[in-house]
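# Summary of the model geometry
Read off the chains here:
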Amino acid sequence: MAFEREKFKSMVLYVCGTANAAKFGSTKLNKTCWLADFTSYYQTGKPITNAVYIKRQFGPVPRAILSTVRDLES
């Protein structure tokens, strides 16, 4: 199971594009990505992106989120 960077980029773009910008920050982005992968794994037996999530104080954080956001901003 290799990390699928292009799917992860697409997921981040989709989530950011459909969210209310006034009430949406990095914590909600991280949790939404985790929830999408978890729900897919629960229903189908495999996650969408195979991302690795790190336990943090305010919830799970995808390991590749910073590099992905930098790539998408440029």
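A brief report on the enclosed structure follows. (Residues numbered from 1 in each chain as written. Predicted model: local features only at pLDDT ≥ 70, side-chain atom pairs only at ≥ 80, totals over all residues. Heavy atoms only, no water.)

### Thoughts on the packing of helix 1 (residues 5–18) against helix 2 (residues 26–44)
- Packing of helix 1 against helix 2 brings their axes to within 10 Å, and their N-to-C directions diverge by 120°. Considering their axes alone, helix 1 and helix 2 lie oblique with respect to each other. Helix-helix and strand crossings are classified by hand; for helix 1 and helix 2 the assignment is right-handed. Residue-level contacts link Phe 8, Met 11, Val 12, Val 15 and Cys 16 of helix 1 to Leu 29, Thr 32, Cys 33, Ala 36 and Asp 37 of helix 2.
- For the contact of helix 1 with helix 2, the residue count by class is eight nonpolar, one polar and one charged. (Axes fitted to C-alpha atoms, helices over the stretch in contact; angles between N-to-C directions. Helix = DSSP H or I, 4+ residues; strand = E, 2+ residues; numbered from the N terminus. Parallel < 35°, antiparallel > 145°, perpendicular 65-115°, else oblique. Left-handed = near helix turned anticlockwise from the far one by under 90°. Contact = heavy atoms within 4.5 Å. Nonpolar A, V, L, I, M, F, W, Y, C, P; charged D, E, K, R; others polar.)

### Some remarks on the packing of helix 1 against helix 3 (residues 65–73)
- Where helix 1 contacts helix 3, the axes come no closer than 10 Å and their chain directions differ by 70°. Relative to helix 3, the element helix 1 is oriented roughly perpendicular. Where helix 1 approaches helix 3, its residues Arg 5, Phe 8, Lys 9, Val 12 and Leu 13 are matched on the opposing element by Ile 65, Ser 67, Thr 68, Asp 71 and Leu 72.
- Of the residues in the contact of helix 1 with helix 3, the class split is five nonpolar, two polar and three charged.

### Side note on the state of the cysteines
- For the structure on display, the rule yields zero disulfides.
- Looking at the unpaired Cys 16, the closest cysteine sulfur is the one in Cys 33, lying at 7.6 Å.
- Judged by relative accessible area, which is 41%, Cys 16 ranks as partly exposed.
- Overall, the relative accessible area of 0% leaves Cys 33 in the buried class. (Disulfide = S-S within 2.5 Å. Buried < 20%, exposed > 50% of the residue type's maximum accessible area, 1.4 Å probe, protein only.)

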